[in-house]
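# Architecture at a glance
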Amino acid sequence: MPGTAPGMSAPFQLDPRLEADSLPVAELSLCSLRLMDDQRFPWLLLVPRRAGLRELFELSAFDQAELLIELNHAARALSAVAKPHKLNLGALGNIVEQLHLHLIARQPGDAAWPGPVWGSGARQPYAPADARALIARLITALDATRACADD
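Residues numbered from 1 in each chain as written. Predicted model: local features only at pLDDT ≥ 70, side-chain atom pairs only at ≥ 80, totals over all residues. Heavy atoms only, no water.

### Thoughts on the sheet that holds strand S1 (residues 22-27)
Under the convention used in this document: In this analysis, strands are considered paired if DSSP registers two or more bridges between them. Secondary structure follows DSSP: runs of H or I at least 4 residues long count as helices, runs of E at least 2 residues long count as strands, and numbering of each begins at the N terminus. Axis geometry follows a simple rule: fit a line to the C-alpha atoms, using only the stretch in contact for helices, then measure angles between N-to-C directions, giving values from 0 to 180 degrees. Between two residues, a contact is recorded if the distance between any of their heavy atoms is within 4.5 Å.
Strand order across the open sheet formed by five strands is S1-S2-S3-S5-S4, with antiparallel pairing between neighbours. Every interior strand has two partners, whereas the edge strands, S1 and strand S4 (86-90), have only one. On average, each strand axis in the sheet is tilted by 25° relative to the strand beside it, whichever way the strands run. In the sheet, S1 pairs with strand S2 (residues 31-36) via five bridges, with the strands oriented antiparallel. Following the sheet pairing, alanine 26 is matched in S2 by leucine 33. Against the sheet, helix H2 (residues 61-82) makes contact with S2, strand S3 (43-48), S4 and strand S5 (101-106), and its axis sits at roughly 20° relative to S5, the strand it touches most.

Here is the structure:
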């Protein structure tokens, strides 16, 4: 790969489809935390910043533990903000192979309930002000849940 010394791994790059379909929330120790740009569902992505990974088992044991910690923080923050009936967790990778986890807040009667969100209607992007407000609330909740974990 150009710009990479021999024997060095390629630098992490976010898949262009994930970048196009989501908005940045926070950079955690391991993961980029992103909000899917679809106002029908409060929906977070956790993308481990490790190049070339497609499967969870490809992460080191240390990174797997860190991913679980970050997933728990993100789930608590999303729960605090969205008050879901159920949180759905998925790691499909059939279209975007880059390792990433979906964390989706679901409510009875939402646009896809009770089925999966994938393939259910057209994405409805957030208005910029609404996205900024939701991201700010998520960051506040994320900071609070991480502070509680440090106590």
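### Some points on H2
Residues spaced three or four apart along an α-helix face the same direction, because each turn holds 3.6 residues. This is how it is decided: Multiply 1.5 Å by the residue count of a helix minus one, and that product is the helix's expected span. In this scheme, a residue with accessible area under 20% of its type's maximum is buried, one over 50% is exposed, and one in between is partly exposed, where area comes from a 1.4 Å probe on protein chains only.
Between its first and last C-alpha, H2 extends 31 Å over 22 residues, near the 32 Å set by a 1.5 Å rise per residue. Residues of H2 that are buried include every one of Asp63, Glu66, Leu67, Glu70, Leu71, His73, Ala74, Ala75, Ala77, Leu78 and Val81, and no others. Just past H2, the residue lysine 83 takes up positive phi, approximately 50°.

### Re the confidence of the model for the protein chain
Caution applies to low-pLDDT regions: their predicted coordinates should not be interpreted in detail. Formally: The pLDDT score gives, residue by residue, the confidence of the prediction method on a 0 to 100 scale.
This prediction gives the protein chain a mean pLDDT of 93; 93% of its residues lie at or above 70. A low-confidence stretch, residues 1-7 (pLDDT under 50), is modelled with six contacts involving residues beyond four sequence positions or located in other chains.

### Some words on the packing of aromatic side chains
Put simply, the rule is: Only rings of Phe, Tyr and Trp enter the pairing, Trp through its six-membered ring, and a pair is recorded when the two centres are within 6.5 Å. The plane angle decides the type: under 30 degrees is stacked, over 60 is edge-to-face, the rest tilted.
Evaluation of the coordinates by the stated rule reveals two aromatic pairs. On the basis of an interplanar angle of 70° and a centroid distance of 6.2 Å, the ring pair of phenylalanine 41 and tryptophan 43 is categorised as edge-to-face. Side by side, phenylalanine 41 and tryptophan 43 carry an identical accessibility label, which is buried. Look at tryptophan 43 and tryptophan 118: their rings are 5.9 Å apart centre to centre, the planes differ by 85°, and that puts the pair in the edge-to-face class. With a gap of 75 residues between them, tryptophan 43 in strand S3 and tryptophan 118 in the loop between S5 and helix H3 (128-150) connect regions that are remote in the sequence. Note on tryptophan 118: relative accessible area 37%, which makes it partly exposed. An aromatic cluster is built from Phe41, Trp43 and Trp118, whose rings are joined through pairwise contacts.

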